[in-house]
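# Examining the three-dimensional arrangement
Listed here are the chains, written in short residue letters.
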Amino acid sequence: MLINANAAARQPIDGHLAALAGVRVACSEFKYRRGIEIFGEGEDAEYVYQITSGAVRTYKMLPDGRRQINAFHLQGDMFGFENGVTHRFSADALVETHVRIIKRGSILDAIQSRVGSTKNLICYVTQNLRHAEDHMLLLGRKTALERVAAFLLEMDERLSHPPMMVLPMNRRDIADYLGLTLETVSRALSVLRDESLLRFDGSTQRRLELLDRQVLAKFDA
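What you see is a predicted model; the values in this text were computed from it and never measured. (Residues numbered from 1 in each chain as written. Predicted model: local features only at pLDDT ≥ 70, side-chain atom pairs only at ≥ 80, totals over all residues. Heavy atoms only, no water.)

### Digging into the sheet that holds strand 12 (residues 207–210)
Sheets are built from strands that pair by backbone hydrogen bonding, the pairs being arranged parallel or antiparallel. Here 3 strands make up an open sheet; going across it, the order is 10-12-11 and the pairing antiparallel. In this open sheet, the two edge strands, each paired with only one partner strand, are strand 10 (165–166) and strand 11 (198–200). Relative to strand 12, strand 11 is paired through 3 bridges, and the arrangement is antiparallel. Looking at the pairing, Arg 199 lines up with Glu 209 of strand 12. (Pairing = 2+ DSSP bridges. Helix = DSSP H or I, 4+ residues; strand = E, 2+ residues; numbered from the N terminus.)

### Details of the sheet that holds strand 5 (residues 56–61)
The sheet built from 4 strands is open, its strands ordered 3-8-5-6 with antiparallel pairing. The sheet is open, and its two borders are formed by strand 3 (37–39) and strand 6 (67–73), each paired with just one other strand. Averaged over all pairs of adjacent strands, the angle between strand axes in this sheet comes to 30°, irrespective of strand direction. Examined bridge by bridge, strand 5 and strand 6 share 6 bridges and lie antiparallel to one another. Looking at strand 6, one finds that Lys 60 is bridged to Gln 68. Contacting strand 5 and strand 6, helix 5 (residues 171–178) crosses the sheet at an angle of about 105° to strand 6. (Axes fitted to C-alpha atoms, helices over the stretch in contact; angles between N-to-C directions. Contact = heavy atoms within 4.5 Å.)

### Focus: the packing of helix 4 (residues 144–158) against helix 6 (residues 182–194)
In contact at an axis separation of 9 Å, helix 4 and helix 6 are set at 75° when each is read in the N-to-C sense. Judged by the angle between their axes, helix 4 and helix 6 are roughly perpendicular. Listed contacts from helix 6 to Ala 144, Leu 145, Val 148 and Leu 152 of helix 4 are Thr 184, Val 185, Ala 188, Leu 189, Val 191 and Leu 192. Tallied by class, the residues present in the contact of helix 4 with helix 6 amount to 9 nonpolar, 1 polar and no charged. (Parallel < 35°, antiparallel > 145°, perpendicular 65-115°, else oblique. Nonpolar A, V, L, I, M, F, W, Y, C, P; charged D, E, K, R; others polar.)

### Examining a negative patch on the surface
On the surface, a cluster of negative charge is contributed by Glu 37, Glu 43, Asp 44 and Glu 46. Position of Asp 44 among the secondary structure elements: in the loop between strand 3 and strand 4 (47–53). (Patch = residues over 30% accessible without salt bridge, like charges linked within 9 Å, V, L, I, M, F, W, Y side chains within 5 Å. Areas by Shrake-Rupley, 256 points an atom, 1.4 Å probe, with all protein chains shown as cover. Salt bridge = Lys/Arg side-chain N within 4 Å of Asp/Glu carboxyl O. Lys, Arg positive; Asp, Glu negative; His and termini not counted. Charge placed at Lys NZ, Arg CZ, Asp CG, Glu CD.)

### Some points on the packing of aromatic side chains
Between two aromatic rings, the relevant description is the distance of the centres plus the angle of the planes. Evaluation of the coordinates by the stated rule reveals 6 aromatic pairs. Taken together, a centroid distance of 5.4 Å and an interplanar angle of 40° make the contact between Phe 39 and Tyr 49 tilted. Taken as a pair, Phe 39 in strand 3 and Tyr 49 in strand 4 lie far apart in primary sequence, 10 residues in all. In this structure Phe 39 comes out as buried when scored by relative accessible area, which is 3%. An aromatic cluster is built from Phe 39, Tyr 49 and Phe 79, whose rings are joined through pairwise contacts. A cation sits over an aromatic face here: Lys 60 above Phe 89, 5.1 Å from the ring centre. Over the face of the ring belonging to Tyr 59 we find Arg 67, whose NZ or CZ atom lies 5.9 Å from the ring centre. (Phe/Tyr/Trp six-rings, centres within 6.5 Å; stacked < 30°, edge-to-face > 60°. Buried < 20%, exposed > 50% of the residue type's maximum accessible area, 1.4 Å probe, protein only. Lys NZ or Arg CZ within 6 Å of the ring centre and 35° of its normal.)

### Observations concerning the nonpolar core
Within the largest apolar cluster, 33 residues are counted, with the highest numbers of intra-cluster contacts made by Val 148, Phe 151, Leu 152, Met 169, Leu 178 and Leu 216. Every element with two or more residues in this core is listed here: strand 6, helix 4, helix 5, helix 6, strand 11 and strand 12. Looking at which element gives the most residues to this core, the answer is helix 4, with 8 residues. Setting aside residues up to four positions removed in sequence, Leu 152 forms contacts with Met 165, Leu 189, Leu 192, Leu 198, Leu 208, Leu 210 and Leu 216. (Core = buried A, V, L, I, M, F, W, Y, C linked by side-chain atoms within 4.5 Å.)

### Section: helix 5
Across the 8 residues of helix 5, 6 count as buried, placing the element largely inside the fold. Within helix 5, the full set of buried residues consists of Asp 173, Ile 174, Ala 175, Asp 176, Tyr 177 and Leu 178. Two or three places before Arg 172, at the start of helix 5, stands the capping residue Asn 170, its side-chain oxygen 3.1 Å from that residue's backbone nitrogen. After helix 5 finishes, the residue Gly 179 shows a positive phi value of roughly 70°. (Polar contact = N/O pair within 3.5 Å; in protein donor to acceptor, adjacent residues only side chain to side chain.)

### Here we look at the packing of helix 4 against helix 5
Their axes nearest at 11 Å, the elements helix 4 and helix 5 cross at an angle of 110°. One finds that helix 4 runs roughly perpendicular with respect to helix 5. Residue-level contacts link Arg 147, Val 148, Phe 151 and Glu 154 of helix 4 to Ile 174, Tyr 177 and Leu 178 of helix 5. Split by residue class, the contact of helix 4 with helix 5 holds 5 nonpolar, no polar and 2 charged.

Laid out in structure tokens, this is it:
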């Protein structure tokens, strides 16, 4: 469900989109409120998205009603590329999110006509494969503590090691990403806090400071 669009004002692109399609290809900007669906599983994959602010989760609902989150997309990230004609996952906004949207066909046409775009596309695909492999390894870890520690280090790196990390996702999202229960994630976070490896700022556990990254990394070895 689209909340607000400024489709008439064509916006220049940058970052990964510019590397793939070139700065001459324009896109539209859209805004989604927290929890609003951007696209659903099985819908036509007509567009590619780049986040200018906010965060997005992509997920699949399993036959037994559970939700498996396969990725969190943050500012600057692209998502929505598919190797078929429909989306394999659903996507919705974790917080109020602004995205740039461009037709997939426009990107593919631009790639074919630009020198160097094929190399940029290969780099982009390789990055996504690496993320998928890292997520698979994370899910294969033996303990919940190892999974939670690895997740925190992943987010710390993606957010450029901030003094105070502000997570756009809640504990339920983290649990569905790590293949754990909500209660297990909460216990693991409490253990890391009691071991003086992190400190919460507020009661929501979404603002936290990593106090000892080196020790935390031992859980990720």
